[in-house]
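Below are the chains, spelled out letter by letter.
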Amino acid sequence: MRKLISLIAVLAIIVSGTALAQATIEQIESRDSVICGVNATGLPGFATVDESGNYAGFDVDFCRAVAAAVLGDASKVTYRGLSAGERFTALQTGEVDVLIRNTTWTSNRDTALGLNFAPTTFYDGQGFLVRGNSGIETLDDLDGTTICVQSGTTTELNLADVMNANGLEYEAIINEQSDPLLAAYDDGACDAYTTDKSGLVAQRTQLRDPSEHVIMDATISKEPLGPSVRHGDDQFFDIVKWVVFATFAAEEYGITSENVDDVMISTQDSNIKRLLGVEPEKVEEFGLSADAFYQVIKQVGNYAEIYNRNLGPDTPFDVPRGLNSSYVDGGLLYSPPVR
Amino acid sequence: MASRTARPSSEVVPWYRNVKLIAVFAQIIFVVIVLIVLAILVFNVSRGVKTLGVRTGFGFLADRAGFPLSESLIPYDQNASYARAMLVGVLNTLKVALLGVVLATLLGIMVALMRLSNNWILKQIATVYIETVRNIPLVIQIFFWFSVLLVPSLPSGVNALRFGPIYFNNSSGLIFPWPFASSNFRHWTIWLILALVLAIGVYWWRRRTLLRLERPGNPFWPAAAAFLLVAAVGYFIALAQSRFPENLLVSLDADRGRVNSVLDVNANGTVDNQDTPYATVPVIVTFESASFEVNPQRRTEQRKEINSAFAFPSLRKSEFEEARVEFVNPDLNDRLSVHYTGFPTTGIVYEDRNENERFDAGEDLDESTGEGFEGNDYKLVLFIEGFKRRVLTERDGETRVPRFDSYENASFERLGPSPLAWSFPNFPTDKTLVTGGATLSVSYLALLLALTFYTASFIAEIVRGAILSVPKGQTEASKALGLSNNQTFNLVVFPQAFRIIIPPLISQFLNLTKNSSLGIFCSYQEFFAVSSIVNNQSGASMPIFFILIGGYLIISLTFSFLLNLYNARTQLVER
């Protein structure tokens, strides 16, 4: 009998113990790793896995940046591959600390899905991939076609809205995973494949004969992609938000992973001093060590470095910066002051 | 035991050793533990939901879904509610499960008989099939049917395989003519009900008579004959009764390639906003002449090496009384000629190099090098004179005709308003979207085939086991009575095996139904797949979770209840 009672007590403690939530930052520190939700099947340029299991890509670099800020080591990231359908549940239930999986910031996700979005890291728009010889050039040409679209995305909602608004009929072939869809498109099961344009650039390289396919000019939506965290932990939200801002600011001030040490010694600019933790108070207010943003820049780089490494002219994708330039160059990347 | 009974009965057993008391106490404790665990779970969930600020409750079901679904048994578009989207999912699950159950049972029985047969080859085929299919996970089989077999091997888009009015391609799937209830179906309904009542009466009467006379025979066939007879008579009577409404307008929307049929509510003779769509009017559309431009490069995907070949795979010669192909660029009219390989739908554009006004493959066109005429150089215009096509307006009051660039004098001939009308596939010339007819999508076929073959392998073993469980003496006795092999099986062995088959068969049916939730792997929009889309778009994961559990439970329990009723009827009555 006593055994039974103690068993119940132990059980109750275990269950209620997990019920009392820790702050995300404490969880990360106690496990010494940031769990980052990324694209499961891989999106070239944004998140891919090489033969030895290492993740690389634009989204992955922001995971590493968060780890560099919180743990001082960009390599302390556990990646969790998530499909479009799994991603929000994984974040809501605490399976991942931060979701950086080419996820569009929408009002519905910000409210009903219980997400907080850090600043947009990539301004994108939805486009269409079609065969060059199909004669489909404008949106109107898509009338009466079959279109491959990933389910559980903003893409399928935009598609439905735009086609409906223009009175165009179409049939959607829907799958939760992008790989089978792309294969179906390659096999001719759909006339067009639609997703964010950056995704189209990357996924076109995976087709049997990429030169046969063209990306239509039409852009049918705004797709601001960025990291997100769950509601209820403002401290961690602030950290992720400012890790992104730090990469913007570093590009603006001309700080790179190579010159950051020199800048730190030589700079007289108090903006930079506060950002890099030479004057430690402002960074410590986040609950981070003073060198948190220094580590981000040192280990991962500024925004331009991250962009060029994964999507820039030296990569197969060569995506023009466009809106994704610093505001000083006419883009949309703008960091509030560290003060 | 002996020593315990030997004790004096006056000795009181202490409460902690009282078996009855302990039993009651243990059960109370068990219930308390379950309640505590449940309470902790509920507390945890409600706290988590509060922290995240996510949506709870079922209110979201009325919200606009916003996403498309590619197949639906009921009208659905993105403006429908989440609830309707999920209903579409449930119906799609039932659509694959019900047909799957029937096919798997038939295939299973066939394979079982093959495995029991004395024919060595049949026996081996059945054994290999069962042992292979039964031991491969279902997900892999679904993947095999969808991504390995069907999608890559079927022709795409307009190059669809064609068997008469049936088309098969990897974008739309299997498309075939399908009857549907026209607006005059109601005249026929009463006859159908009458036929059904009569058929049931005949069934019972024949059954009783056969039992009384102790004669073999199946009461089903006379009943079926009675049904067909009454239904057929009723059909013609209904046909005679049917009239179109006086104010029905049929018009052509040439820009969109559609025929509209509307009721002219305000009787002004033209189609306007006040008019309401009128369903299912069969018409024959006739054009005095019509033309559409075709970019030949687009139609030569199959024969890329010959740029000058053209094909209109979806057009049938019988639809045109006359057709000719002309070049848009007048300069080319002098240089080039057309050689039809299948008038007027396929042909080769050639340059008459030896000026014999006849196509000569060797001289006129070098097929091996692919030296032809670029599609950009010219366009072909297909003129059609006296175009006729039988079309039916569909449920929303409109249907598609091929889209012409220009046409003259379209006219409509309304066909008799038969209660049951056929919808024929209207296969477009350049896009993949098909209207009319009925479609079984590639996703559906892949899931159906995978579920059928997988479940049939289990059913086959159940049937085989049941047949083998009938004592050999039964067979020998019926042989001794002079029954043939067929009679032995149909009258003696199978009825006895049947009782053994039914209970395990029910679980296989339930398995198949639940396994249909793997349809998400082949893009089939069944209950689970739709729910996960709704979950993702609305964020209401907890309510959807409960809807899923409840939904599958209801489907399974209903299935199980109906089959158990049947089971109770077939079991031996023991007294």
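Source: prediction; values computed, not measured. (Residues numbered from 1 in each chain as written. Chains lettered and ligands numbered in written order. Predicted model: local features only at pLDDT ≥ 70, side-chain atom pairs only at ≥ 80, totals over all residues.)

1. A few points about the overall build of chain A
Formally: Only DSSP runs of H or I covering at least 4 residues are called helices, and only runs of E covering at least 2 are called strands; the numbering of each starts at the N terminus. We take the radius of gyration over the C-alpha atoms and set the globule estimate at 2.2 Å times the residue count to the 0.38 power. Residues with at least 20 other C-beta atoms within 10 Å of their own are called buried, those with 12 or fewer are called exposed, and the rest are partly exposed. The C-beta atoms themselves are positioned from the backbone. Two residues qualify as being in contact provided that their C-beta atoms, derived from the backbone, are within 7 Å of each other.
In terms of regular secondary structure, chain A is built from 14 helices and 14 strands. Here chain A has a C-alpha radius of gyration of 22 Å; the compact-globule value for 339 residues is 20 Å, and the two agree. Each principal axis of the C-alpha atoms in chain A carries an extent, and together these give about 70 × 65 × 40 Å. When burial is assessed residue by residue, chain A has 53% of its 339 residues classed as buried. In chain A, the proportion of contacts linking residues at least 24 apart, taken out of those at least 6 apart, comes to 73%.

2. Notes on the overall build of chain B
From N to C terminus, chain B includes 14 helices and 18 strands. Here chain B, with 575 residues, has 32% of them falling under the buried criterion. Long-range pairs, those at least 24 residues apart, make up 69% of the contacts in chain B with a sequence separation of at least 6.

3. Some remarks on helix α14 (residues 303–310) of chain A
Residues and elements named next belong to chain A. Stated precisely, the cut-off is as follows: Here, the arc refers to the directions that run from the helix axis to the C-beta atoms.
Those residues of α14 not exposed but buried are Tyr303, Ala304, Ile306, Tyr307 and Asn310. All buried residues of α14 project into a common sector of 165° when viewed along the axis, lining one side. Residues of α14 that are buried sit in contact with α3 (58–71) and α9 (234–253).

4. Let's talk about the confidence of the model for chain B
Residues and elements named next belong to chain B. Put simply, the test is: Summary of the metric used: pLDDT quantifies the predictor's per-residue confidence within the range 0 to 100.
With 77% of its residues at a pLDDT of at least 70, chain B reaches an overall mean of 80. Throughout residues 296–306 the model reports pLDDT below 50, and contacts reaching past four residues in sequence, or to other chains, amount to 27 contacts. Low pLDDT (under 50) marks residues 366–370, which in the prediction has seven contacts with non-local residues, meaning those over four places away or in another chain. This prediction of the complex comes with two scores: 0.75 for pTM and 0.76 for ipTM.

5. As for the interface of chain A and chain B
Interfaces are often sized by the amount of accessible area the parts lose when they come together. Applied cut-off: Classification used: nonpolar for Ala, Val, Leu, Ile, Met, Phe, Trp, Tyr, Cys and Pro, charged for Asp, Glu, Lys and Arg, polar for all others including Gly.
The interface is formed by 46 residues belonging to chain A together with 42 residues belonging to chain B. Looking at the side of chain A that touches chain B, the elements with two or more residues in it are α1 (2–19), α4 (87–92), β9 (145–150), α6 (154–165), β10 (170–175) and α7 (178–186) of chain A. Residue composition of the side of chain A that touches chain B, grouped by class: 21 nonpolar, 18 polar and seven charged.

6. Side note on helix α6 (residues 185–213) of chain B
All names here are of chain B. Stated precisely, the cut-off is as follows: A helix is expected to span 1.5 Å multiplied by its residue count minus one.
Along its 29 residues, α6 runs 41 Å from first to last C-alpha, staying within 8% of the 42 Å computed at 1.5 Å per residue. Elements that come into contact with the buried residues of α6 comprise α7 (220–241). One or two positions beyond α6, positive phi appears at Glu214, with a value near 50°.

7. Comments concerning the environment of Val338 of chain B
Residues and elements named next belong to chain B. Relative to the helices and strands, Val338 is located in strand β11 (residues 336–342). A count of 18 C-beta atoms within 10 Å places Val338 in the partly exposed class. Here the alpha-carbon distance between Val338 and Phe168, two residues 170 residues apart in the chain, equals 29 Å.

8. Looking at the nonpolar core
We count it as follows: Residues of type Ala, Val, Leu, Ile, Met, Phe, Trp, Tyr and Cys that are buried and joined through C-beta atoms within 7 Å form what is called a nonpolar core.
If you look at the biggest cluster of nonpolar residues, it comprises 88 residues, and the most contacted ones within it are Ala446 and Leu447 of chain B. Counting residues per element, this core draws most heavily on helix α10 (residues 442–469) of chain B, at 19 residues. The next biggest cluster of nonpolar side chains, apart from the first, holds 74 residues, and it includes Phe58, Val66, Phe122 and Tyr303 of chain A.

9. Some details on the packing of helix α4 (residues 120–134) of chain B against α10 of chain B
Residue and element names in this part refer to chain B. Stated formally: Every angle, taken between N-to-C directions, lies between 0 and 180 degrees, and every axis is a line fitted to C-alpha atoms, over only the stretch in contact when it is a helix. Relative orientations are named as follows: roughly parallel for angles under 35 degrees, roughly antiparallel for angles over 145 degrees, roughly perpendicular for angles from 65 to 115 degrees, and oblique for any other angle. Two helices that cross are described as forming a left-handed crossing if the nearer one is turned anticlockwise from the farther one by less than a right angle, and a right-handed crossing if clockwise.
With their axes 9 Å apart at the nearest point, α4 and α10 run at an angle of 120° to one another. One finds that α4 runs oblique with respect to α10. Crossing of α4 over α10 shows left-handed handedness. The segment α4 lies against α10, with Tyr129, Ile130, Val133 and Arg134 engaging Phe453, Tyr454, Ser457, Phe458, Ala460 and Glu461. The class makeup of the residues in the contact of α4 with α10 is seven nonpolar, one polar and two charged.

10. Things to note about the sheet that holds strand β12 (residues 213–215) of chain A
Residues and elements named next belong to chain A. As a reminder of what qualifies: One requirement defines pairing of two strands: DSSP has to find at least two bridges between them.
Spatially, the five strands line up as an open sheet ordered β10-β9-β11-β8-β12, and their pairing is mixed. Bordering the open sheet on either side are β10 and β12, each of which pairs with just one other strand. Each adjacent strand pair in this sheet contributes to an overall mean axis angle of 30°, direction not counted. Pairing geometry for strand β8 (residues 126–131) and β12, over three bridges, is antiparallel. Counted as the bridge partner of Arg131 is His213 from β12. Here helix α8 (residues 197–204) sits on the sheet and contacts β8, β11 (192–196) and β12; the angle it forms with β11, its principal contact strand, is near 125°.

11. So, the environment of Ser418 of chain B
All names here are of chain B. Within the fold, Ser418 resides in the loop between β16 (411–414) and β17 (420–423). Of the residues examined, Ser418 has 19 C-beta atoms within 10 Å and is grouped as partly exposed. Considering only alpha carbons, one finds Ser418 and Ser541, 123 residues apart in sequence, at a separation of 48 Å.

12. Let's talk about the sheet that holds strand β3 (residues 173–176) of chain B
Sheet strands pair by backbone hydrogen bonding; their relative direction is either parallel or antiparallel. Residue and element names in this part refer to chain B. Read from one edge to the other, the open sheet built from four strands follows the order β1-β2-β3-β18, with strand pairing classed as antiparallel. Each edge of the open sheet carries a strand with a single partner, namely β1 (161–163) and β18 (438–440). When the angles between neighbouring strand axes are averaged without regard to direction, this sheet yields 15°. Direction of pairing for β1 relative to strand β2 (residues 166–169): antiparallel, over a ladder of three bridges. Along β2, the bridge assignment pairs Leu161 with Phe168. The strands touched by α10 are β3 and β18; relative to β3, the strand with the most contacts, the crossing angle is about 110°.

13. Digging into the confidence of the model for chain A
Confidence in the prediction of chain A, expressed as mean pLDDT, is 88, and 94% of residues score 70 or more. Across residues 12–20 of chain A the pLDDT falls below 50, and counting only partners more than four positions away or on other chains, this stretch makes seven contacts in the model.

14. Here we look at the environment of Asp209 of chain A
Residues and elements named next belong to chain A. Looking at the secondary structure, you find Asp209 in the loop between α8 and β12. With 8 C-beta atoms packed within 10 Å, Asp209 lands in the exposed category. It is 44 Å that separates the C-alpha atoms of Asp209 and Ile28, two residues lying 181 residues apart in sequence.

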